[in-house]
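A look at the structure
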Amino acid sequence: MTATETKVFEDILKSLEGSQKVFLVGCGSCATVVQTGGEFEVGEMRTALEAAGKTVTGAAVPEEACKILDMKKLLRDNKEAVAEADTLLVLSCGAGVQAVAEASEKRTLPALNTIGQVDQFRLGQFYEWCSSCGECLVGEYGGICPITRCPKGQVHGPCGGANEASARSTRRTPACGR
Ligand code: SF4
Ligand code: SF4
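Residues numbered from 1 in each chain as written. Chains lettered and ligands numbered in written order. Predicted model: local features only at pLDDT ≥ 70, side-chain atom pairs only at ≥ 80, totals over all residues. Heavy atoms only, no water.

So, about the sheet that holds strand E1 (residues 2-6). Sheet architecture is open: three strands sit in the order E1-E6-E7, paired in antiparallel fashion. Bordering the open sheet on either side are E1 and strand E7 (125-130), each of which pairs with just one other strand. On average, adjacent strands in this sheet sit at an angle of 65° to one another, irrespective of strand direction. Summarising the sheet, strand E6 (residues 112-122) and E7 pair through five bridges and their orientation is antiparallel. Bridge pairing in E7 links Arg122 to Gln125. (Pairing = 2+ DSSP bridges. Helix = DSSP H or I, 4+ residues; strand = E, 2+ residues; numbered from the N terminus. Axes fitted to C-alpha atoms, helices over the stretch in contact; angles between N-to-C directions.)

Here four strands make up an open sheet; going across it, the order is E3-E2-E4-E5 and the pairing parallel. Each of the sheet's edge strands pairs with one partner strand only, and the pair in question is strand E3 (55-60) and strand E5 (107-110). Between one strand axis and the next, the sheet turns by 25° as a mean value, whatever way the strands run. Taken strand by strand, helix H3 (residues 39-51) contacts strand E2 (21-25), E3 and strand E4 (87-90), and its axis lies near 175° from that of E3. (Contact = heavy atoms within 4.5 Å.)

What follows concerns unusual backbone geometry. Backbone geometry at Gln35 places phi at a positive 65°, although glycine is not the residue there. Mapped onto the elements of the fold, Gln35 is located in the loop between helix H2 (30-33) and H3. For Gln35, a relative accessible area of 56% gives the class exposed. The backbone of Ser132 sits at a positive phi, close to 55°, despite the residue not being glycine. Within the fold, Ser132 resides in the loop between E7 and helix H7 (146-149). (Buried < 20%, exposed > 50% of the residue type's maximum accessible area, 1.4 Å probe, protein only.)

Right, let's get into the pattern of salt bridges. Taken as a whole, this structure holds three salt bridges when the rule is applied. As a salt-bridge pair, Glu64 and Lys67 come within 2.9 Å of each other at their nearest N and O atoms. For Glu64, a relative accessible area of 24% gives the class partly exposed. The salt bridge involving Lys73 is made with Asp77; its shortest N-O contact spans 2.8 Å. Taken together, the positions of Lys73 and Asp77, both in helix H4 (residues 68-77) and four residues apart, correspond to about one turn of that helix. (Salt bridge = Lys/Arg side-chain N within 4 Å of Asp/Glu carboxyl O.)

Turning our eyes to something else, we now look at the site of ligand 1. Around ligand 1, the neighbouring residues are Thr2, Cys27, Ser29, Cys30, Ala31, Glu64, Ala65, Cys66, Ser92, Cys93 and Gly96. Broken down by class, the residue content of the shell around ligand 1 amounts to six nonpolar, four polar and one charged. (Near = heavy atom within 4 Å. Nonpolar A, V, L, I, M, F, W, Y, C, P; charged D, E, K, R; others polar.)

What follows is about the environment of Gln120. If you trace the backbone, Gln120 turns up in strand E6. Taking the C-alpha atoms as reference, Gln120 lies 8.6 Å from Met1; in sequence the two are 119 residues apart. In this structure Gln120 touches Met1, Val33, Gln125 and Phe126, once residues within four positions along its chain are discounted. Within the structure, the side chain of Gln120 is placed 3.1 Å from the backbone nitrogen of Gly124, a separation counted as a polar contact. (Polar contact = N/O pair within 3.5 Å; in protein donor to acceptor, adjacent residues only side chain to side chain.)

See below:
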């Protein structure tokens, strides 16, 4: 699944300069699992924007924001709230933001940063195993991605810092201590 993290709220507000009325779009799949764009986070964003003086005309959390045809239908289904808004703020990965932008002629902005491909190994804890490099090498490295799982992204074998002390983190699973 695609990992995302919420942008700094002040940066979101800065991107919204000139926009007063906002319609929010979340994502019911990856962004819900990583707790950045589900119903709860969209509700939190609405509360924060309203506290900052913005008007939130409406919000929706589709199953997956990265499906252009679904986004066209979602915007049609919410056409009054969307028409009232001057900006669409999307709480999904960049693919979802672009699908919403493609489905609408409104100004469309991201509320999240996309940080990679992850898998959940325990509730709320994730492996990051792929950086979508476009030239998969795992077949040559025993099924382990050297680009993502090595903290230095090395593809020519372990460095001098190799040890077994590193703990798994939520972002990476380093094989060495850097
Ligand atoms: S929009 Fe991005 S975060 Fe949402 S389902 Fe598609 S890939 Fe996952
Ligand atoms: S080499 Fe690593 S980053 Fe590249 S596609 Fe394969 S798993 Fe993803």
